[in-house]
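# Residue-level structural notes
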Amino acid sequence: MLTRNARICYYIGKVEGGAPSDRGAMVDFVRKRMVLARITGGDGDGDGRSGGGDIATERKTRTKSQTAKPPLYKVILLNDDYTPMEFVVEVLEAVFHKQHAEATRIMLHVHQNGMGVAGVYPFEVAETKTHTVEELARQAEYPLKCVMEKE
Ligand code: TYC
């Protein structure tokens, strides 16, 4: 205990440029440092790092995963009155690699509900597919529209 107190006194002297004059003030000071250490996950000296023969706690839990997942984007087809159903089905098969039955289901969903998700992808893939759909529609002179939305 003596060693620990000596360390604390040394530490306080190091940080504050002199030990607090009475014991109550010192205890209070050390208590505040330990609270700080608990909040910051550091060792209480305010530099956010541990070590140096210091008083307090090590952080034991990780709150963020190491491998961040990329954000995903929905590619959404919009309904219109002019694009033929078969063209939309072909686009879903060619661009979104859907089986014929699934492509037909998605097309009918868009036709009946005004919009529907063709697929979900990382940003650049979603962007390329969106442009491809609009380019195919433009070449065929259909007004089919496609937008992307963050998941
Ligand atoms: N509503 C169109 C029609 O009746 C078909 C259609 C479906 C158009 C889906 C666009 O994204 C779309 N011919």
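Located above this text is the structure these notes cover.
Below: a short report on this structure. Source: prediction; values computed, not measured. (Residues numbered from 1 in each chain as written. Predicted model: local features only at pLDDT ≥ 70, side-chain atom pairs only at ≥ 80, totals over all residues. Heavy atoms only, no water.)

### A few points about the layout of surface pockets
Roughly 150 Å³ of internal volume is contained in the second largest pocket. Together, L77, L78, N79, D80, D81, T83, M85, V88, M107, V110, H111 and L144 line the second largest pocket. Counting residues per element, the ones that place at least two in the lining of the second largest pocket are β1 (72–78), α3 (85–96) and α4 (100–113). Counting residues per element, the lining of the second largest pocket draws most heavily on α4, at three residues. (1 Å grid on protein atoms, 1.4 Å probe; cavity = no way out; pocket = protein on both sides within 12 Å on 5 of 7 lines; lining within 4 Å. Points joined across faces, edges and corners; volume = space filled by probe spheres on them. Helix = DSSP H or I, 4+ residues; strand = E, 2+ residues; numbered from the N terminus.)

### Comments concerning the nonpolar core
Core analysis: the biggest nonpolar cluster contains 21 residues, and L77, L92, F96, V133 and L144 have the highest contact counts within it. Counting only elements with at least two residues in this core, the list comes to β1, α3, α4, β2 (115–122) and α5 (123–140). A per-element tally of this core places α3 first, with seven residues. In this structure, F96 is in contact with V75, V91, A118, G119, Y121, K129 and V133, ignoring residues within four places of it in sequence. (Core = buried A, V, L, I, M, F, W, Y, C linked by side-chain atoms within 4.5 Å. Buried < 20%, exposed > 50% of the residue type's maximum accessible area, 1.4 Å probe, protein only. Contact = heavy atoms within 4.5 Å.)

### Some points on the packing of aromatic side chains
The tally for this structure, following the rule as stated, stands at three aromatic pairs. Centre to centre, the rings of F96 and Y121 are 6.3 Å apart; their planes meet at 35°, and the pair counts as tilted. Highlighted residues: F96 in helix α3 and Y121 in strand β2, separated in sequence by 25 residues. In terms of burial, F96 and Y121 fall into one category: buried. For the cation-ring pair, K129 lies above Y121, with the distance from its terminal atom to the ring centre recorded as 5.1 Å. (Phe/Tyr/Trp six-rings, centres within 6.5 Å; stacked < 30°, edge-to-face > 60°. Lys NZ or Arg CZ within 6 Å of the ring centre and 35° of its normal.)

### Details of the environment of M85
With respect to the helices and strands, the residue M85 is situated in helix α3. Spatially, the C-alpha atoms of M85 and T104 are 8.4 Å apart, while their sequence positions differ by 19 residues. Among all residues touching M85, those that are not within four sequence positions of it are M107 and H111.

### Things to note about α4
Taking 1.5 Å of rise per residue, the 14 residues of α4 would be expected to cover 20 Å, and the 20 Å separating its terminal C-alpha atoms lies within 8% of that figure. Here α4 has its buried residues at A103, I106, M107 and V110. Burial along α4 is one-sided: seen end-on, the buried residues are contained in an arc of 100°. Turned more than 90 degrees off the buried face of α4, the exposed positions are A101 and Q112. Packing partners of the buried residues in α4 comprise β1, α3 and β2. One or two residues past the end of α4 sits G114, with phi positive at roughly 95°. (Expected span 1.5 Å × (residues − 1). Arc of directions from axis to C-beta.)

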